[in-house]
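# Topology and contacts: notes
Okay, here's what each chain looks like letter by letter:
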Amino acid sequence: MRVSVYGSGLTALVTAWALADVGNEVRVLPGSAASLEALRRMQLPFDEPGLTERLQQQLDSGRLQLTDSESQAFSHGEIHCLALETDALAEAETLSVRLALVARTPITLINQSTFPVGTSQRLQQLMLEARTEQGLVADVACLSLPSFLQEGAAIHGFTRPQRILIGADNGAGLNKARELLRPFNRNNEQWLLMSTREAEFSKYAINGMLATKLSFMNEMANLADQLHVDIEQVRKGMGSDSRIGYDYIYPGCGFGGLSFSEDVMQLAKTVESCVEDSSLLSAVLETNRQQKELLFRKLWQFWEANLRGKTVALWGAAFKPGTDRIDNAPSLELMQALWAQGVKVRLYDPKAMARVEQRFGKRQDLCCCDEPYQALEGADALLIATEWKEFWSPDFARIATLMPSKLILDGRNIYDPVYMQSLGFTYIGVGRSSAFLTR
(Lines give C-alpha, C1' and ligand atoms only; values in the text may rest on other atoms or scores of the structure.)
Protein backbone atom coordinates (compact mmCIF):
# COMPACT_ATOMS: atom_id res chain seq x y z
CA MET A 1 0.00 0.00 0.00
CA ARG A 2 0.96 3.65 -0.43
CA VAL A 3 0.81 5.38 2.94
CA SER A 4 1.36 9.00 3.95
CA VAL A 5 2.19 9.72 7.60
CA TYR A 6 1.81 13.21 9.07
CA GLY A 7 3.87 14.08 12.14
CA SER A 8 7.36 13.73 13.60
CA GLY A 9 6.66 12.38 17.09
CA LEU A 10 7.04 8.90 18.50
CA THR A 11 3.78 7.53 17.11
CA ALA A 12 4.34 8.98 13.64
CA LEU A 13 7.87 7.67 13.22
CA VAL A 14 7.25 4.23 14.69
CA THR A 15 4.18 3.90 12.46
CA ALA A 16 6.14 4.99 9.39
CA TRP A 17 8.99 2.57 10.08
CA ALA A 18 6.74 -0.39 10.90
CA LEU A 19 4.57 0.04 7.81
CA ALA A 20 7.61 0.41 5.54
CA ASP A 21 9.27 -2.57 7.21
CA VAL A 22 6.46 -4.89 6.07
CA GLY A 23 6.61 -3.69 2.46
CA ASN A 24 4.46 -0.59 2.16
CA GLU A 25 5.61 2.58 0.39
CA VAL A 26 5.57 5.27 3.07
CA ARG A 27 6.07 9.01 2.88
CA VAL A 28 6.46 11.13 6.01
CA LEU A 29 5.48 14.79 6.13
CA PRO A 30 7.03 16.01 9.43
CA GLY A 31 5.13 19.30 9.50
CA SER A 32 7.96 21.84 9.70
CA ALA A 33 11.24 22.54 7.93
CA ALA A 34 13.13 22.18 11.21
CA SER A 35 11.59 18.76 11.93
CA LEU A 36 12.35 17.60 8.40
CA GLU A 37 15.98 18.69 8.60
CA ALA A 38 16.39 17.00 11.98
CA LEU A 39 14.92 13.77 10.60
CA ARG A 40 17.23 13.87 7.60
CA ARG A 41 20.12 14.00 10.08
CA MET A 42 18.40 11.26 12.13
CA GLN A 43 18.19 13.55 15.15
CA LEU A 44 14.99 12.35 16.76
CA PRO A 45 13.21 14.47 19.41
CA PHE A 46 13.13 11.46 21.74
CA ASP A 47 15.33 8.47 22.54
CA GLU A 48 13.64 5.28 21.36
CA PRO A 49 15.99 2.25 21.43
CA GLY A 50 16.67 0.92 17.94
CA LEU A 51 14.40 3.31 16.06
CA THR A 52 17.11 5.47 14.48
CA GLU A 53 18.80 2.46 12.91
CA ARG A 54 15.51 1.00 11.69
CA LEU A 55 14.39 4.28 10.14
CA GLN A 56 17.72 4.60 8.33
CA GLN A 57 17.40 1.06 6.96
CA GLN A 58 14.00 1.84 5.48
CA LEU A 59 15.20 5.15 4.07
CA ASP A 60 18.08 3.31 2.42
CA SER A 61 15.67 0.73 0.99
CA GLY A 62 13.56 3.46 -0.59
CA ARG A 63 10.33 2.21 0.96
CA LEU A 64 10.40 5.15 3.38
CA GLN A 65 10.80 8.71 2.17
CA LEU A 66 10.75 12.10 3.84
CA THR A 67 9.04 14.99 2.12
CA ASP A 68 8.34 18.67 2.67
CA SER A 69 5.61 18.74 0.00
CA GLU A 70 2.01 18.48 1.17
CA SER A 71 0.82 17.85 -2.37
CA GLN A 72 3.22 14.94 -2.77
CA ALA A 73 2.05 13.40 0.50
CA PHE A 74 -1.61 13.99 -0.38
CA SER A 75 -1.34 12.48 -3.85
CA HIS A 76 0.83 9.57 -2.71
CA GLY A 77 -1.32 8.03 -0.02
CA GLU A 78 -4.03 5.43 -0.39
CA ILE A 79 -4.14 5.67 3.40
CA HIS A 80 -3.23 8.74 5.42
CA CYS A 81 -2.06 8.39 9.04
CA LEU A 82 -2.47 11.50 11.18
CA ALA A 83 -0.14 11.36 14.20
CA LEU A 84 0.28 14.92 15.45
CA GLU A 85 1.00 16.20 18.96
CA THR A 86 -1.90 16.77 21.35
CA ASP A 87 -1.72 20.56 20.99
CA ALA A 88 -1.93 20.48 17.17
CA LEU A 89 -5.70 20.14 16.74
CA ALA A 90 -5.99 23.29 14.62
CA GLU A 91 -3.18 22.03 12.42
CA ALA A 92 -4.96 18.70 12.03
CA GLU A 93 -8.17 20.40 10.95
CA THR A 94 -6.38 22.58 8.40
CA LEU A 95 -4.40 19.65 7.03
CA SER A 96 -7.54 17.52 6.68
CA VAL A 97 -9.30 20.19 4.62
CA ARG A 98 -6.30 20.65 2.32
CA LEU A 99 -6.06 16.88 1.91
CA ALA A 100 -9.71 16.71 0.92
CA LEU A 101 -9.22 19.37 -1.73
CA VAL A 102 -6.02 17.96 -3.24
CA ALA A 103 -6.55 14.18 -3.21
CA ARG A 104 -8.37 12.82 -6.24
CA THR A 105 -8.82 9.27 -4.94
CA PRO A 106 -11.01 8.02 -2.07
CA ILE A 107 -9.54 9.25 1.22
CA THR A 108 -8.99 6.97 4.21
CA LEU A 109 -7.64 9.05 7.08
CA ILE A 110 -6.54 7.17 10.21
CA ASN A 111 -6.39 9.50 13.21
CA GLN A 112 -3.76 8.32 15.70
CA SER A 113 -3.48 11.66 17.49
CA THR A 114 -4.79 12.10 21.02
CA PHE A 115 -7.34 14.83 20.49
CA PRO A 116 -10.64 15.49 22.30
CA VAL A 117 -13.41 12.91 21.92
CA GLY A 118 -15.32 13.52 18.70
CA THR A 119 -12.33 14.83 16.72
CA SER A 120 -12.36 12.01 14.14
CA GLN A 121 -16.02 12.72 13.39
CA ARG A 122 -15.25 16.42 13.04
CA LEU A 123 -12.30 15.80 10.70
CA GLN A 124 -14.49 13.62 8.49
CA GLN A 125 -17.19 16.30 8.43
CA LEU A 126 -14.67 18.99 7.50
CA MET A 127 -13.38 16.85 4.62
CA LEU A 128 -16.91 16.09 3.40
CA GLU A 129 -17.87 19.76 3.45
CA ALA A 130 -14.69 20.83 1.66
CA ARG A 131 -15.15 18.32 -1.15
CA THR A 132 -18.87 19.03 -1.50
CA GLU A 133 -18.25 22.77 -1.83
CA GLN A 134 -15.80 22.09 -4.66
CA GLY A 135 -18.12 19.68 -6.40
CA LEU A 136 -15.87 16.70 -5.71
CA VAL A 137 -17.04 13.18 -4.94
CA ALA A 138 -17.38 13.01 -1.16
CA ASP A 139 -15.73 9.63 -0.70
CA VAL A 140 -13.88 10.24 2.55
CA ALA A 141 -13.56 8.24 5.76
CA CYS A 142 -11.86 9.13 9.02
CA LEU A 143 -11.11 6.29 11.41
CA SER A 144 -9.66 6.41 14.92
CA LEU A 145 -6.65 4.30 15.88
CA PRO A 146 -5.60 5.40 19.39
CA SER A 147 -1.90 5.08 20.07
CA PHE A 148 -0.91 3.07 23.14
CA LEU A 149 2.83 3.22 22.45
CA GLN A 150 5.10 3.59 25.46
CA GLU A 151 8.43 5.35 25.23
CA GLY A 152 11.23 2.84 25.47
CA ALA A 153 9.08 -0.03 24.18
CA ALA A 154 7.28 1.57 21.23
CA ILE A 155 8.67 -0.71 18.52
CA HIS A 156 7.49 -3.84 20.30
CA GLY A 157 4.23 -2.11 21.17
CA PHE A 158 3.39 -1.45 17.53
CA THR A 159 4.57 -4.71 16.03
CA ARG A 160 3.27 -6.97 18.83
CA PRO A 161 0.25 -5.07 20.15
CA GLN A 162 -1.89 -6.24 23.05
CA ARG A 163 -4.86 -5.06 21.03
CA ILE A 164 -5.66 -3.15 17.84
CA LEU A 165 -8.44 -0.87 18.96
CA ILE A 166 -9.96 0.83 15.95
CA GLY A 167 -12.91 3.18 15.68
CA ALA A 168 -15.10 3.41 12.58
CA ASP A 169 -18.54 4.95 12.20
CA ASN A 170 -19.31 2.95 9.07
CA GLY A 171 -17.61 0.47 6.78
CA ALA A 172 -15.89 3.07 4.62
CA GLY A 173 -12.12 2.64 4.74
CA LEU A 174 -12.28 -0.12 7.33
CA ASN A 175 -11.15 -2.91 5.00
CA LYS A 176 -8.15 -0.84 3.91
CA ALA A 177 -7.23 -0.15 7.52
CA ARG A 178 -7.51 -3.80 8.48
CA GLU A 179 -5.36 -4.82 5.53
CA LEU A 180 -2.77 -2.20 6.43
CA LEU A 181 -2.52 -3.52 10.00
CA ARG A 182 -2.84 -7.22 9.12
CA PRO A 183 0.90 -7.95 9.51
CA PHE A 184 0.66 -6.92 13.17
CA ASN A 185 -2.33 -9.17 13.89
CA ARG A 186 -0.68 -12.51 13.18
CA ASN A 187 -0.33 -14.12 16.60
CA ASN A 188 -4.01 -14.10 17.47
CA GLU A 189 -7.09 -11.99 16.83
CA GLN A 190 -6.40 -8.56 18.31
CA TRP A 191 -9.15 -6.47 16.73
CA LEU A 192 -11.45 -4.38 18.89
CA LEU A 193 -13.93 -2.54 16.66
CA MET A 194 -16.11 0.30 17.94
CA SER A 195 -17.21 3.81 16.97
CA THR A 196 -14.64 6.59 16.61
CA ARG A 197 -15.91 8.39 19.72
CA GLU A 198 -15.74 5.18 21.75
CA ALA A 199 -12.20 4.48 20.53
CA GLU A 200 -11.06 8.00 21.39
CA PHE A 201 -12.68 7.85 24.81
CA SER A 202 -11.18 4.40 25.48
CA LYS A 203 -7.68 5.85 25.21
CA TYR A 204 -8.46 8.46 27.86
CA ALA A 205 -10.30 5.97 30.08
CA ILE A 206 -7.42 3.48 30.02
CA ASN A 207 -4.89 6.11 31.05
CA GLY A 208 -7.29 7.37 33.70
CA MET A 209 -7.57 3.90 35.20
CA LEU A 210 -3.79 3.38 35.18
CA ALA A 211 -3.24 6.74 36.86
CA THR A 212 -5.87 5.88 39.46
CA LYS A 213 -4.14 2.59 40.27
CA LEU A 214 -0.79 4.36 40.66
CA SER A 215 -2.14 7.12 42.88
CA PHE A 216 -4.17 4.69 44.97
CA MET A 217 -1.08 2.60 45.61
CA ASN A 218 0.89 5.70 46.58
CA GLU A 219 -1.87 6.64 49.02
CA MET A 220 -1.67 3.14 50.52
CA ALA A 221 2.11 3.42 50.80
CA ASN A 222 1.83 6.71 52.66
CA LEU A 223 -0.74 5.14 54.97
CA ALA A 224 1.52 2.12 55.48
CA ASP A 225 4.18 4.45 56.87
CA GLN A 226 1.69 5.65 59.48
CA LEU A 227 0.43 2.17 60.34
CA HIS A 228 3.92 0.59 60.51
CA VAL A 229 3.15 -1.81 57.68
CA ASP A 230 5.51 -2.83 54.87
CA ILE A 231 3.77 -1.85 51.63
CA GLU A 232 5.79 -4.41 49.67
CA GLN A 233 4.01 -7.25 51.42
CA VAL A 234 0.67 -5.51 50.90
CA ARG A 235 1.50 -5.07 47.20
CA LYS A 236 2.12 -8.79 46.84
CA GLY A 237 -1.15 -9.55 48.57
CA MET A 238 -3.07 -7.16 46.36
CA GLY A 239 -1.44 -8.39 43.16
CA SER A 240 -2.30 -11.99 43.97
CA ASP A 241 -5.96 -11.10 43.49
CA SER A 242 -6.66 -11.74 39.80
CA ARG A 243 -9.15 -8.89 39.76
CA ILE A 244 -6.31 -6.46 40.51
CA GLY A 245 -3.09 -7.99 39.18
CA TYR A 246 0.46 -6.79 39.67
CA ASP A 247 0.68 -4.13 36.96
CA TYR A 248 0.70 -0.47 38.00
CA ILE A 249 0.60 -1.13 41.75
CA TYR A 250 4.22 -0.31 42.53
CA PRO A 251 4.34 2.67 44.90
CA GLY A 252 6.83 5.42 44.22
CA CYS A 253 7.47 9.13 44.10
CA GLY A 254 4.87 9.92 41.44
CA PHE A 255 4.34 9.43 37.72
CA GLY A 256 5.21 11.77 34.86
CA GLY A 257 5.46 11.78 31.10
CA LEU A 258 4.04 14.19 28.57
CA SER A 259 1.31 12.18 26.85
CA PHE A 260 0.23 10.12 29.85
CA SER A 261 -0.05 13.07 32.22
CA GLU A 262 -1.76 15.31 29.68
CA ASP A 263 -4.24 12.58 28.76
CA VAL A 264 -5.25 12.21 32.40
CA MET A 265 -5.53 15.98 32.81
CA GLN A 266 -7.67 16.25 29.68
CA LEU A 267 -9.93 13.45 30.90
CA ALA A 268 -10.27 15.13 34.30
CA LYS A 269 -11.34 18.40 32.64
CA THR A 270 -13.85 16.56 30.47
CA VAL A 271 -15.34 14.70 33.42
CA GLU A 272 -15.61 17.86 35.52
CA SER A 273 -17.38 19.72 32.70
CA CYS A 274 -19.82 16.90 31.87
CA VAL A 275 -20.45 15.07 35.16
CA GLU A 276 -21.83 16.87 38.18
CA ASP A 277 -19.92 16.47 41.47
CA SER A 278 -17.21 14.24 39.99
CA SER A 279 -13.78 14.72 41.57
CA LEU A 280 -12.07 11.32 41.33
CA LEU A 281 -9.57 12.17 38.62
CA SER A 282 -8.84 15.57 40.12
CA ALA A 283 -8.00 13.78 43.35
CA VAL A 284 -5.77 11.35 41.42
CA LEU A 285 -3.84 14.24 39.88
CA GLU A 286 -3.54 16.07 43.20
CA THR A 287 -2.30 12.90 44.90
CA ASN A 288 0.33 12.54 42.20
CA ARG A 289 1.39 16.17 42.51
CA GLN A 290 1.93 15.75 46.23
CA GLN A 291 3.71 12.44 45.73
CA LYS A 292 6.36 14.13 43.61
CA GLU A 293 7.47 16.00 46.73
CA LEU A 294 7.50 12.87 48.91
CA LEU A 295 11.29 12.46 49.02
CA PHE A 296 11.67 16.13 49.92
CA ARG A 297 9.19 15.77 52.79
CA LYS A 298 10.94 12.65 54.07
CA LEU A 299 14.29 14.43 53.93
CA TRP A 300 12.78 17.46 55.68
CA GLN A 301 11.51 15.22 58.46
CA PHE A 302 14.75 13.25 58.78
CA TRP A 303 16.90 16.39 58.99
CA GLU A 304 14.32 18.14 61.18
CA ALA A 305 13.84 20.99 58.67
CA ASN A 306 17.56 21.83 58.75
CA LEU A 307 18.32 21.49 55.02
CA ARG A 308 20.16 24.70 54.20
CA GLY A 309 23.75 24.07 53.19
CA LYS A 310 23.21 20.38 52.57
CA THR A 311 24.17 18.55 49.37
CA VAL A 312 22.24 15.63 47.92
CA ALA A 313 23.02 13.20 45.14
CA LEU A 314 20.05 12.56 42.85
CA TRP A 315 20.01 9.46 40.68
CA GLY A 316 17.49 9.78 37.88
CA ALA A 317 15.86 12.73 36.13
CA ALA A 318 13.85 11.06 33.34
CA PHE A 319 10.20 10.39 34.12
CA LYS A 320 10.85 6.68 33.59
CA PRO A 321 13.73 4.39 32.56
CA GLY A 322 14.52 3.98 28.88
CA THR A 323 13.86 7.58 27.83
CA ASP A 324 15.59 10.94 27.96
CA ARG A 325 12.30 12.80 28.43
CA ILE A 326 11.73 14.77 31.63
CA ASP A 327 8.18 15.98 30.93
CA ASN A 328 6.31 16.24 34.25
CA ALA A 329 9.01 14.10 35.86
CA PRO A 330 9.02 13.87 39.69
CA SER A 331 12.68 14.91 39.65
CA LEU A 332 11.76 18.41 38.49
CA GLU A 333 9.53 19.27 41.44
CA LEU A 334 11.93 17.51 43.79
CA MET A 335 14.90 19.60 42.66
CA GLN A 336 12.95 22.84 42.84
CA ALA A 337 11.81 22.04 46.39
CA LEU A 338 15.39 21.28 47.40
CA TRP A 339 16.77 24.45 45.82
CA ALA A 340 14.14 26.53 47.61
CA GLN A 341 15.63 25.29 50.91
CA GLY A 342 19.22 26.02 49.94
CA VAL A 343 20.17 22.44 49.04
CA LYS A 344 22.74 21.72 46.32
CA VAL A 345 21.91 18.89 43.93
CA ARG A 346 24.46 16.63 42.26
CA LEU A 347 22.53 14.89 39.47
CA TYR A 348 23.17 11.85 37.32
CA ASP A 349 20.92 10.29 34.69
CA PRO A 350 22.07 7.95 31.89
CA LYS A 351 20.17 9.81 29.17
CA ALA A 352 18.37 12.93 30.39
CA MET A 353 21.24 15.19 31.45
CA ALA A 354 21.15 17.35 28.31
CA ARG A 355 17.43 17.99 28.73
CA VAL A 356 17.91 19.00 32.38
CA GLU A 357 20.69 21.42 31.42
CA GLN A 358 18.53 22.81 28.63
CA ARG A 359 15.62 23.32 31.01
CA PHE A 360 17.45 24.86 33.98
CA GLY A 361 20.62 26.26 32.42
CA LYS A 362 23.68 26.90 34.54
CA ARG A 363 22.98 26.96 38.28
CA GLN A 364 25.43 27.02 41.13
CA ASP A 365 23.18 24.68 43.10
CA LEU A 366 23.06 22.08 40.31
CA CYS A 367 26.00 19.91 39.30
CA CYS A 368 25.39 17.53 36.39
CA CYS A 369 27.68 14.53 36.77
CA ASP A 370 29.06 12.13 34.19
CA GLU A 371 28.57 8.96 36.21
CA PRO A 372 26.57 7.92 39.29
CA TYR A 373 29.43 7.68 41.78
CA GLN A 374 30.67 11.15 40.88
CA ALA A 375 27.30 12.47 42.04
CA LEU A 376 27.96 11.02 45.50
CA GLU A 377 31.09 13.07 46.12
CA GLY A 378 30.39 15.42 49.01
CA ALA A 379 26.75 14.37 49.23
CA ASP A 380 24.89 14.12 52.53
CA ALA A 381 22.19 11.83 51.10
CA LEU A 382 21.36 9.85 47.99
CA LEU A 383 17.88 10.23 46.48
CA ILE A 384 16.62 7.86 43.78
CA ALA A 385 13.88 9.20 41.50
CA THR A 386 14.13 6.91 38.43
CA GLU A 387 14.63 3.15 38.54
CA TRP A 388 17.30 2.83 35.85
CA LYS A 389 18.68 -0.73 35.75
CA GLU A 390 22.21 0.43 36.49
CA PHE A 391 20.98 1.69 39.87
CA TRP A 392 19.60 -1.66 41.00
CA SER A 393 22.86 -3.33 42.00
CA PRO A 394 25.47 -0.63 42.69
CA ASP A 395 28.71 -0.97 44.60
CA PHE A 396 27.37 -0.28 48.08
CA ALA A 397 30.82 -0.32 49.65
CA ARG A 398 31.88 2.43 47.26
CA ILE A 399 28.72 4.39 48.07
CA ALA A 400 29.52 4.16 51.78
CA THR A 401 33.06 5.41 51.17
CA LEU A 402 31.95 8.36 49.03
CA MET A 403 28.97 9.22 51.26
CA PRO A 404 29.83 8.59 54.94
CA SER A 405 26.30 9.50 56.07
CA LYS A 406 25.09 6.32 54.32
CA LEU A 407 21.62 7.85 53.97
CA ILE A 408 19.50 6.64 51.02
CA LEU A 409 15.98 7.78 50.19
CA ASP A 410 14.63 5.37 47.58
CA GLY A 411 11.69 6.80 45.65
CA ARG A 412 11.23 3.58 43.67
CA ASN A 413 11.73 0.89 46.34
CA ILE A 414 14.42 -0.86 44.31
CA TYR A 415 16.49 -1.96 47.33
CA ASP A 416 15.73 -4.44 50.09
CA PRO A 417 15.50 -2.64 53.45
CA VAL A 418 16.79 -5.58 55.49
CA TYR A 419 19.86 -5.95 53.30
CA MET A 420 20.51 -2.23 53.39
CA GLN A 421 20.30 -2.26 57.18
CA SER A 422 22.79 -5.12 57.30
CA LEU A 423 25.23 -2.93 55.36
CA GLY A 424 24.81 -0.12 57.86
CA PHE A 425 22.77 2.20 55.65
CA THR A 426 19.92 4.38 56.81
CA TYR A 427 17.34 3.43 54.22
CA ILE A 428 14.05 5.25 53.68
CA GLY A 429 11.71 3.88 51.04
CA VAL A 430 8.09 4.52 50.06
CA GLY A 431 5.80 2.81 52.55
CA ARG A 432 8.57 0.66 53.96
CA SER A 433 9.13 2.31 57.33
CA SER A 434 8.44 -0.87 59.32
CA ALA A 435 10.15 -3.36 57.03
CA PHE A 436 12.80 -4.06 59.64
CA LEU A 437 10.21 -4.84 62.28
CA THR A 438 8.40 -7.44 60.20
CA ARG A 439 11.31 -9.69 59.26
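Residues numbered from 1 in each chain as written. Predicted model: local features only at pLDDT ≥ 70, side-chain atom pairs only at ≥ 80, totals over all residues. Heavy atoms only, no water.

Every buried residue of helix H15 (residues 353-360) is accounted for by Met353, Val356 and Phe360. The arc that holds the buried residues of H15, viewed along the axis, is 60°, so those residues lie on one side. Among the exposed residues of H15, those pointing more than 90 degrees away from its buried face are Ala354, Gln358 and Arg359. Directly beyond the C-terminal end of H15, a positive phi value near 70° is found at glycine 361. (Buried < 20%, exposed > 50% of the residue type's maximum accessible area, 1.4 Å probe, protein only. Helix = DSSP H or I, 4+ residues; strand = E, 2+ residues; numbered from the N terminus. Arc of directions from axis to C-beta.)

Here we take up the packing of aromatic side chains. For the structure shown, the criterion picks out 11 aromatic pairs. Both rings, one in tryptophan 315 and one in phenylalanine 391, keep their centres 4.9 Å apart while their planes meet at 25°; by these two values the pair is stacked. Note that tryptophan 315 is positioned in strand S9 (residues 311-315) and phenylalanine 391 in the loop between strand S12 (381-384) and helix H17 (396-402), a separation of 76 residues in sequence. What makes tryptophan 315 buried here is its relative accessible area of 1%. Judged by relative accessible area, phenylalanine 391 falls into the buried class, the value being 0%. Both rings, one in tryptophan 339 and one in phenylalanine 360, keep their centres 5.0 Å apart while their planes meet at 85°; by these two values the pair is edge-to-face. (Phe/Tyr/Trp six-rings, centres within 6.5 Å; stacked < 30°, edge-to-face > 60°.)

Now for the side chain of asparagine 218. Mapped onto the secondary structure, asparagine 218 falls in helix H9 (residues 196-227). Aside from chain neighbours lying at most four places away, what touches asparagine 218 is Pro251, Gly252, Gly254 and Gln291. (Contact = heavy atoms within 4.5 Å.)

Before going further, it helps to examine the pattern of salt bridges. One pass over the full model with this rule turns up 19 salt bridges. Note that arginine 2 and glutamate 78 form a salt bridge whose closest N and O atoms lie 3.7 Å from each other. Within this pair, whereas arginine 2 is found in strand S1 (residues 2-6), its partner glutamate 78 is found in the loop between helix H4 (70-76) and strand S4 (79-82), the two being separated by 76 residues in sequence. In this structure, the salt-bridge partner of arginine 235 is glutamate 232, at a minimum N-O distance of 2.8 Å. Placement of the pair is arginine 235 and glutamate 232 together in helix H10 (residues 231-239), with a separation of 3 residues, close to one helical turn. Relative accessible area serves as the criterion here: at 18%, glutamate 232 is assigned to the buried category. Connected via shared salt-bridge partners are Glu151, Arg325 and Asp327. (Salt bridge = Lys/Arg side-chain N within 4 Å of Asp/Glu carboxyl O.)

Turning next to the nonpolar core. Of all hydrophobic cores here, the largest spans 54 residues; its most connected members are Trp315, Met335, Leu338, Leu383 and Tyr415. Per-element tally for this core: the top contributor is helix H14 (residues 330-340), with 6 residues. Excluding residues within four positions of it along the chain, leucine 383 makes contact with Leu295, Leu299, Val312, Ala313, Leu314, Trp315, Leu334, Leu338 and Leu409. Of all hydrophobic cores here, the second largest spans 42 residues; its members include Val3, Leu36, Met42 and Leu149. (Core = buried A, V, L, I, M, F, W, Y, C linked by side-chain atoms within 4.5 Å.)

With that settled, the discussion passes to the sheet that holds S12. Hydrogen bonding along the main chain pairs the strands of a sheet, whether they run parallel or antiparallel. A sheet is described by the order of its strands in space; here 6 strands give the open sequence S11-S10-S9-S12-S13-S14, paired in parallel fashion. Looking along the sheet, the strands with just one partner apiece sit at the ends: strand S11 (366-368) and strand S14 (426-428). Taken pair by pair, the neighbouring strands of this sheet meet at an average axis angle of 20°, ignoring direction. Bridge count between S9 and S12: 4 bridges; the pairing is parallel. When the sheet's bridge partners are listed, valine 312 is paired in S12 with alanine 381. (Pairing = 2+ DSSP bridges. Axes fitted to C-alpha atoms, helices over the stretch in contact; angles between N-to-C directions.)

If you add up the space inside the second largest pocket, you get close to 430 Å³. Taken together, 14 residues form the lining of the second largest pocket, with Asp225, Lys298, Gln301, Ile428 and Ser433 sitting closest to its centre. Those elements that place two or more of their residues in the lining of the second largest pocket are H9, helix H13 (294-302) and S14. In terms of residue count, H13 provides more of the lining of the second largest pocket than any other element does, 5 residues in total. Residues belonging to the lining of the second largest pocket are distributed by class as follows: 5 nonpolar, 5 polar and 4 charged. (1 Å grid on protein atoms, 1.4 Å probe; cavity = no way out; pocket = protein on both sides within 12 Å on 5 of 7 lines; lining within 4 Å. Points joined across faces, edges and corners; volume = space filled by probe spheres on them. Nonpolar A, V, L, I, M, F, W, Y, C, P; charged D, E, K, R; others polar.)

Topologically, proline 49 is positioned in the loop between helix H2 (33-40) and helix H3 (51-61). Overall, proline 49 belongs to the partly exposed group, its relative accessible area being 41%. A C-alpha to C-alpha distance of 9.0 Å links proline 49 and glutamate 151, two positions 102 residues apart in sequence. Setting aside chain neighbours within four positions, we find proline 49 in contact with Arg54, Gly152, Ile155, Gly322 and Lys351.

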